[in-house]
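Each chain, letter by letter, is given below.
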Amino acid sequence: MAKDNIDLRGARILVVDDMPANLDVLCELLETEGYRISLAPNGEIALKIATRAETMPDLILLDVMMPGMNGFEVCQSLKRNRATEEIPVIFITAEDLTESVVKGFQVGGIDYISKPFRDEEVLVRVRNALLTKHLFDQNRDYQEKMERELQTAHQLQMGLMPGEKPLLEGFDIAGRCIPAEKVGGDLFQYFRLPQGGLAVSMADVTGHAMEAAIPVVLFNGMLETQMEMGHSLEVLFGKLNHSVNRILDSRTLVCFEMAQIDPASRCMRLANAGCPYPFHFCAESGDVNELEANAYPLGVSPEIDCVVLERSLQKGDRVVFCSDGLLEAADAEGTLFGFERAARVIRQGCSEGMGAEELVEGIVEEVRSFAGNAPQMDDQTVVVIAVNE
């Protein structure tokens, strides 16, 4: 809607002046424009009117020179009160002096009107002030609406991920996802396998915030559907790659990895399409190594060459999935957290006998401490698979 077409009739204006003649002139002029007018002969009464919900004005015309509280003092009081701090104030002054005008702006005024009044000037300044407030209020309401919708989206997306640790005999498993915005493109999931055991997965959709949030919800649906079929990792990755190519935008890729765990044999089968290599802490040697199973991200090409890596896990071993947002977290100087630092943190935590959840929190806290006040630029997800002692 064009600004000239915005109907401001009905806006409430409070006029404050100790001279009855000035109140009469302004009241008559402004009422002809359809504004609702309240009058106050001094600052004390003006503050009472401005702070009552039923009479709170959209704009205040405030005389500077008044007995008792002067206009500057009234304005300062309004700006100190959260209920009235956003009400725009136009000062009325007979002094067209730079010092007086500057003081008015300093205490929170947005404009001024000089005496004697010039009708056209008064109406233009009043309309501009009301229009600015109208647009500001519209923008604030829109921002609040978007914030509520984003919070709902955040709750829905977080609800896709496990709220509790899965139970798997001989194993302790935990994960956490921290979006960089209200919503994001990271996801982790657990699935019971038809033949027994558990699948642990992590996904990272290209993009940030809402750009990635909708595709990751779609991908979660694809994954849920395919997991019901009981496919092997090789077949599963092929099916998911086909769905991503068919359903998602060609510019949207999905980095995805999954580990299938047989608790009886402690055998883990791992496939990885574009995620950072998982870390494997070997309890026997105390070493941390990367599990180098890799393929292109889902969606890069119609076919995917899925390489499956098998590992026999021992008591005390840990396998740690970390998304790139965690490994590429940067401090204020732009230094990345990196693989080597992550490996040291994992080795230290495992050497101290941390369980899965404790190690997850330890890694997250180390990254947060490293980054300091630097903003989080990407979603951060970590999942830990621990073999019980």
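Our subject is the structure listed above.
Anyway, here's the lowdown on the structure attached to this text. (Residues numbered from 1 in each chain as written. Predicted model: local features only at pLDDT ≥ 70, side-chain atom pairs only at ≥ 80, totals over all residues. Heavy atoms only, no water.)

Digging into the overall build of the chain
What counts is decided by this rule: Only DSSP runs of H or I with at least four residues qualify as helices, and only runs of E with at least two residues qualify as strands; both kinds are numbered from the N terminus onward. Radius of gyration means the value over C-alpha atoms here, while the globule rule gives 2.2 Å times the residue count to the 0.38 power. The rule is simple: take the accessible area with a 1.4 Å probe, protein chains only, and divide by the maximum for that residue type; under 20% is buried, over 50% is exposed, in between is partly exposed. Contacts were defined at the residue level, with two residues in contact if any of their heavy atoms lie within 4.5 Å. Areas reported here follow the Shrake-Rupley algorithm with a probe of radius 1.4 Å; residue values treat only the protein chains shown as occluding. Here Asp and Glu are counted as negative and Lys and Arg as positive; His is not counted, and neither are the chain ends. Where a charge lies is defined by one atom per residue type: Lys uses NZ, Arg uses CZ, Asp uses CG and Glu uses CD.
In terms of helices and strands, the chain carries ten helices and 15 strands. In terms of overall size, the chain is more extended than a compact globule, its C-alpha atoms giving a radius of gyration of 32 Å where 389 residues would be expected to give roughly 21 Å. Seen along its three principal axes, the alpha-carbon backbone of the chain occupies a region of about 95 × 45 × 35 Å. A total of 389 residues make up the chain; the buried ones form 48% of that total. Of all intrachain contacts in the chain linking residues separated by at least 6 positions in sequence, the fraction that spans at least 24 positions is 69%. When the accessible surface of the chain is split by element, carbon and sulfur atoms take 50% of a total near 19,500 Å². Within the chain, the 62 negative side-chain charges are centred at a point lying 4 Å from the centre of the 34 positive side-chain charges.

Re the nonpolar core
Quick note on the threshold: Working definition of a nonpolar core: buried Ala, Val, Leu, Ile, Met, Phe, Trp, Tyr and Cys residues. They are joined through side-chain atoms within 4.5 Å.
Phe 219, Phe 237, Phe 256, Met 258 and Leu 298 are the most contacted members of the largest nonpolar core, which totals 52 residues. Excluding residues within four positions of it along the chain, Met 258 makes contact with Phe 191, Ala 199, Val 200, Ser 201, Leu 223, Met 227, Leu 233, Leu 236, Phe 237, Arg 269, Leu 270 and Ala 271. By size, the runner-up hydrophobic cluster in this structure holds 27 residues, among which are Ala 342, Val 360, Val 367 and Val 384.

Topic: the packing of aromatic side chains
The test is simple: To pair, rings of Phe, Tyr and Trp, with the six-membered ring standing in for Trp, must have centres within 6.5 Å; the planes then decide the type, stacked if under 30 degrees apart, edge-to-face if over 60, and tilted in the middle.
Tallied over the full model, the rule gives six aromatic pairs. A centroid spacing of 5.3 Å and a plane angle of 70° characterise the contact between Phe 72 and Phe 91, whose relative ring orientation is edge-to-face. With a gap of 19 residues between them, Phe 72 in helix H3 (residues 71–80) and Phe 91 in strand S4 (residues 89–93) connect regions that are remote in the sequence. Here Phe 72 and Phe 91 have matching classes, each one buried. Taking 5.9 Å as the distance between ring centres and 50° as the angle between the ring planes, the aromatic pair formed by Phe 279 and Phe 339 counts as tilted. Taken as a pair, Phe 279 in strand S11 (residues 279–281) and Phe 339 in helix H9 (residues 338–351) lie far apart in primary sequence, 60 residues in all. In textbook terms, an aromatic cluster arises when at least three aromatic residues are bridged by ring pairs, as seen for Phe 219, Phe 237 and Phe 256.

Details of the environment of Gly 34
With respect to the helices, strands and loops of the structure, Gly 34 is situated in the loop between helix H1 (20–31) and strand S2 (36–40). Look at Gly 34 and you get partly exposed, because its relative accessible area is 29%. The spatial distance from the C-alpha of Gly 34 to the C-alpha of Ala 11 is 7.9 Å, given a sequence separation of 23 residues.

Remarks on the pairing of strand S1 (residues 12–16)
The criterion, for reference: When DSSP finds two or more bridges between two strands, those strands count as paired. We call a crossover right-handed when, viewed with the strands running away from us, the connection from the first strand over the helix to the second turns clockwise.
Buried residues dominate S1, accounting for five of its five residues. On S1, burial covers both faces: Arg 12, Leu 14 and Val 16 on one face and Ile 13 and Val 15 on the other are all buried. As paired elements, S1 and S2 share five bridges and run parallel to each other. Its bridge partner being in S2, Arg 12 is matched across the sheet by Arg 36. Crossover handedness for the path S1 to H1 to S2: right-handed.

Considering the sheet that holds strand S14 (residues 318–322)
Formally: Axes here mean lines fitted to C-alpha atoms, for a helix over just the part in contact, with angles spanning 0 to 180 degrees between N-to-C directions.
In space, the five strands of this open sheet follow the order S6-S15-S14-S11-S12, with antiparallel pairing throughout. The strands lining the two open edges of the sheet, one partner per strand, are strand S6 (171–178) and strand S12 (288–290). In this sheet, adjacent strand axes meet at a mean angle of 15° when their direction is disregarded. Relative to the sheet, helix H10 (residues 356–371) contacts S6, S14 and strand S15 (380–387), its axis offset from that of S6 by approximately 30°.

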